[in-house]
Amino acid sequence: MTSEITGTAPSRVTRGGAVPPASAESPARRRRRRPRIAPWLFMAPSAIILGVFVLFPIVRSLYYSFFDWTVGASTQPFVGFGNYIKLFHDSQFWNALRVTLEYTVVSVVLLLVLGFITALLLQGESLANRIVRSVFFFPTIVSLVTIGMVWKFLLDPSIGLVDGLAATLGLPSVAWLTSVHLALPTVIFVGVWKSTGFAMILFIAGLKGVPQERYEASNLDGAGRWQTIWSITLPSIRPTLLFTSLILTIQSFQVFDLVYVMTGGGPLYATDSLVNLLYRDGFVNFQTGYASAISWVLFAIIMIISLLQLRLFRYNDVD
Amino acid sequence: MSTDVTRAPAAVQPKAPAGRRTPSGGDSARSTAKWIYLGIGLVLALVPFIWMVSGSFRSEADLFKNPASLFPTSITLHGYIGVWQQLPFLRLLVNSFVFAGVTTALTILFDSMCAYALARLRFKGRNIAFILVLASLMVPFQVTLIPVFIELFHFGWLNTYQGLIIPRATSAFGIFLFRQFFIDIPPELDEAARLDGASHWRIYWQVILPLAKPAIATVAVLNGMNLWNDLLWPLVVSTSNTMQTLPAGLTLFGGNHVTDHAILLAGAVISLVPIAVAFFFAQKYFVAGVAQTGLK
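Computed from a predicted model, the values in this text were never measured in an experiment. (Residues numbered from 1 in each chain as written. Chains lettered and ligands numbered in written order. Predicted model: local features only at pLDDT ≥ 70, side-chain atom pairs only at ≥ 80, totals over all residues. Heavy atoms only, no water.)

(A) Inspection of the environment of A:S292 at higher detail. In this fold, A:S292 is placed in helix α15 (residues 288-318). Measuring from C-alpha to C-alpha, the distance between A:S292 and A:Q251 comes to 19 Å, with 41 residues separating the pair along the chain. Among residues more than four places away in sequence, those in contact with A:S292 are A:S61, A:Y64, A:S65 and B:I146. (Helix = DSSP H or I, 4+ residues; strand = E, 2+ residues; numbered from the N terminus. Contact = heavy atoms within 4.5 Å.)

(B) Spatial organisation of the UniProt feature "transmembrane region" (unreviewed entry) in chain B. All names here are of chain B. Residues annotated by UniProt as "transmembrane region" (unreviewed entry) correspond here to residues 35-57, 93-118, 130-150, 162-182, 203-225 and 262-282. As annotated, residues 93-118 comprises 100% helix and 0% strand, and the C-alpha atoms at either end are separated by 37 Å. In this annotation, residues 130-150 is assigned 90% helix and 0% strand; the end-to-end C-alpha distance for the span is 27 Å. (UniProt positions renumbered as here; feature names shortened; annotations may be inferred.)

(C) Expanded view of the packing of helix α13 (residues 213-229) of chain B against helix α16 (residues 261-281) of chain B. Residues and elements named next belong to chain B. In contact at an axis separation of 11 Å, α13 and α16 are set at 175° when each is read in the N-to-C sense. Of the possible angle classes, the one that applies to α13 and α16 is roughly antiparallel. Between α13, through M225, W228 and N229, and α16, the contact on the second element is made entirely by S271, P274 and I275. Class assignment for the residues of the contact of α13 with α16 results in four nonpolar, two polar and no charged. (Axes fitted to C-alpha atoms, helices over the stretch in contact; angles between N-to-C directions. Parallel < 35°, antiparallel > 145°, perpendicular 65-115°, else oblique. Nonpolar A, V, L, I, M, F, W, Y, C, P; charged D, E, K, R; others polar.)

(D) Spotlight on the interface of chain B and chain A. Taken together, the contacts link 107 residues of chain B with 100 residues of chain A. Of the roughly 9500 Å² buried where chain B meets chain A, counting both sides, 79% is carbon and sulfur surface. The interface formed by chain B and chain A includes zero salt bridges. Seen at the junction of chain B and chain A, the total is 10 residue pairs in polar contact (both at pLDDT 80 or more). Ranked by residues supplied to the side of chain B that touches chain A, first place goes to helix α3 (residues 28-55) of chain B with 15 residues. Here the residues of the side of chain B that touches chain A are counted per class, giving 74 nonpolar, 22 polar and 11 charged. (Buried area = accessible area lost by both parts, 1.4 Å probe. Salt bridge = Lys/Arg side-chain N within 4 Å of Asp/Glu carboxyl O. Polar contact = N/O pair within 3.5 Å; in protein donor to acceptor, adjacent residues only side chain to side chain.)

(E) Examining the pattern of salt bridges more closely. All names here are of chain A. Counting across every chain of the model gives nine salt bridges over all chains. Taking the shortest distance from any N to any O, the salt bridge between R98 and E102 comes out at 2.7 Å. Of this pair, R98 and E102 both sit in helix α5 (residues 91-122), four residues apart, roughly one helical turn. Its relative accessible area of 42% is what places R98 among the partly exposed residues. Bridged by salt links that share partners, the residues E125, R130, R133 and K208 form one connected network. (Buried < 20%, exposed > 50% of the residue type's maximum accessible area, 1.4 Å probe, protein only.)

(F) Layout of the UniProt feature "transmembrane region" (unreviewed entry) in chain A. Residue and element names in this part refer to chain A. The sites that carry the UniProt feature "transmembrane region" (unreviewed entry) are, in the present numbering, residues 37-59, 103-122, 134-154, 174-193, 241-270 and 290-313. Overall, residues 103-122 shows 100% helix and 0% strand. The separation of its end C-alpha atoms is 27 Å. End-to-end, the C-alpha atoms of residues 290-313 are 35 Å apart, and along that stretch the chain is 100% helix and 0% strand.

And the structure:
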C-alpha cells in the first residue's frame, strides 16, 4: 500500500527536476517514533523554495539598495542611502512615479465604478446574465501581452479597425500611442478594458453576501433605487469595496506588461511606469543597486497606499 | 465608433426580457438603458477578439487596404505558416507548456503538503512558519526579482528549465488557500485514520488530498493561467530565444524580427487557445479563483 503511494508522487516530481519528496514518505513511516519531524518534512519543499527565492532575496534586495552595485563592475562600493538620494533627484524617477500614480488613480476609480455598475446589472442568475458575465470576464484570463498586442494593432493608424472606422466616418486619424498626451490615457483604457470583468466578479461575490432583508426593509421605507444603492448596497459591501480597491491598486501600481508591449515606455517616457523603469535600470542597464532602491520605494508606496485605504474604509465604518 | 454603438443594442435585443426579470423589476426605459450599456460593453469586449482571430487569417495587403473591415476579404493561412517558419514557435510553445504545466503540478504538491502541516499538525513554530508565508505573500514580486536573478546566475540556472520552474514551484497564496480549505475538514476523519495506524503521509495523500479537489482545481487553474500569461519572469530568467515562453517570445519578436501583423496575430491566437479551452471547461474555478485573489 505504502509503495503504491510513493509510486505516483516522486515520478510527478522528478519530471521537473526538483528535489524528490520521497524523503517525506520514509520519515512519515517513522512518524510514530519521531512525531516532531513530520511537519517540517511536509513543509520542507515550500520552505526551502520560499526561503531561497523569496525571503532571502527580500533581505538581499535591501542590502543591494545600499550599494552602488553594477553587474560586471570590479568593485561594488557601499553608498548608504546614496541610491535613495539619487532617486530623489532623478527626474526619470519622478516621471515614472507620476505616470504610475496617474495610471493607478484613474484606472482604479474607473474600474470600481464600471465594475460596480456592471455587477449591479448582471447579478441575477438568468442565462442571459451568465452569458454576458462570461464575455465580460474573458479578457481577465487573457495575457496582457496578447491584449496589449491586439489593441496596439487595433489602434494602428494604417491597419487598425479604430482608425479604419474613423476614416469611414470622415473623422481624422488619431495618434493613440505615439502622442505624448494620448499614450497614457490609451494604455489606461486598455488596462480598464481588461480588468472590468475582474472587478465585476468581485462585486458580484460581494453583492451575493448582502442579506435580502436589508433590501426589503428599505423597500418598505419607500426608498428609491438610488437611495437603496447609496444607503443599503454600498455600506453592505464595504469589505468587498475595500478588498477590490486594494487588489486593483496593488495590481495597477505594478503595471508593466501593457506598457512594455504597447509603448515600451514611450513616447518620450510618457508611459514609463515604475516597474518599467525598474526593469530598464536593473536588466538593461544592470544598475542593480539603483534598481533595488526603486523596488523598495515601490514596496513602500504600495504599503502606504494600502494602509491609507484600510484607514479610509475603517474610518467610514465608524460613522 | 458610433456605428458600433448603434449596432450593439439590436444584437442584444432578444435577451432583453431576461434582464427585465431582475428582482427590482422596473420599467422598460431602465431596461433599455441597461441593455444599451451592456450592449456597448459586449461590442467592446468581443470585437478585439473577433478582429484578432480574423486578422490572423488576413493578408498584409488586405489589412492595409481595408482597415475598417472586421472580416477578411479572402482567407489566407500565411500567418499560421509564418509563425512556425519565422519564429522558434514550437520551442516557445513547448517551453510554455513545460513551464506552466510542471510548475503548476509542483506547486499543487508542495503547497498542499505545506498546508497540511500548517493546518492539521500541531508543532512548535507553526505560527511563525505561517507568518513567514503571509509575509512572502505581501511583498511585491519586483522586490525579489533582481536578487533572484543574481542567485540564478550563480547557480548557473539562467536559461534553464529549472531556473524557470523551481523558484516558482511554490506559491504563498496556494499554501494560504489550501490551509483555509484543510482547516474546514472535520478532524474526526484523520483521527480515525490515525487510530487505524495510517502514517501522516498516507493521511495526507489518501484522506485529505482527495477531499481537496475544489482547492486543487482552483490553485491549478489560477496558477496555470498566471504562469502561462506571465511576461516579466520568463523575460528575466530566459535571455536566450530557445528558452523563452510564448508571451516573452511574441513580445521580443514582435519588436525585432517580425513585421507581418498576421504572423504575430496568429501567434497570439495560438497562445490564447489553451487558456480559452480551459476557461470553457472550468469556468467556475476561474471565477472562484480570481474572486479570491488578485491576478498576481
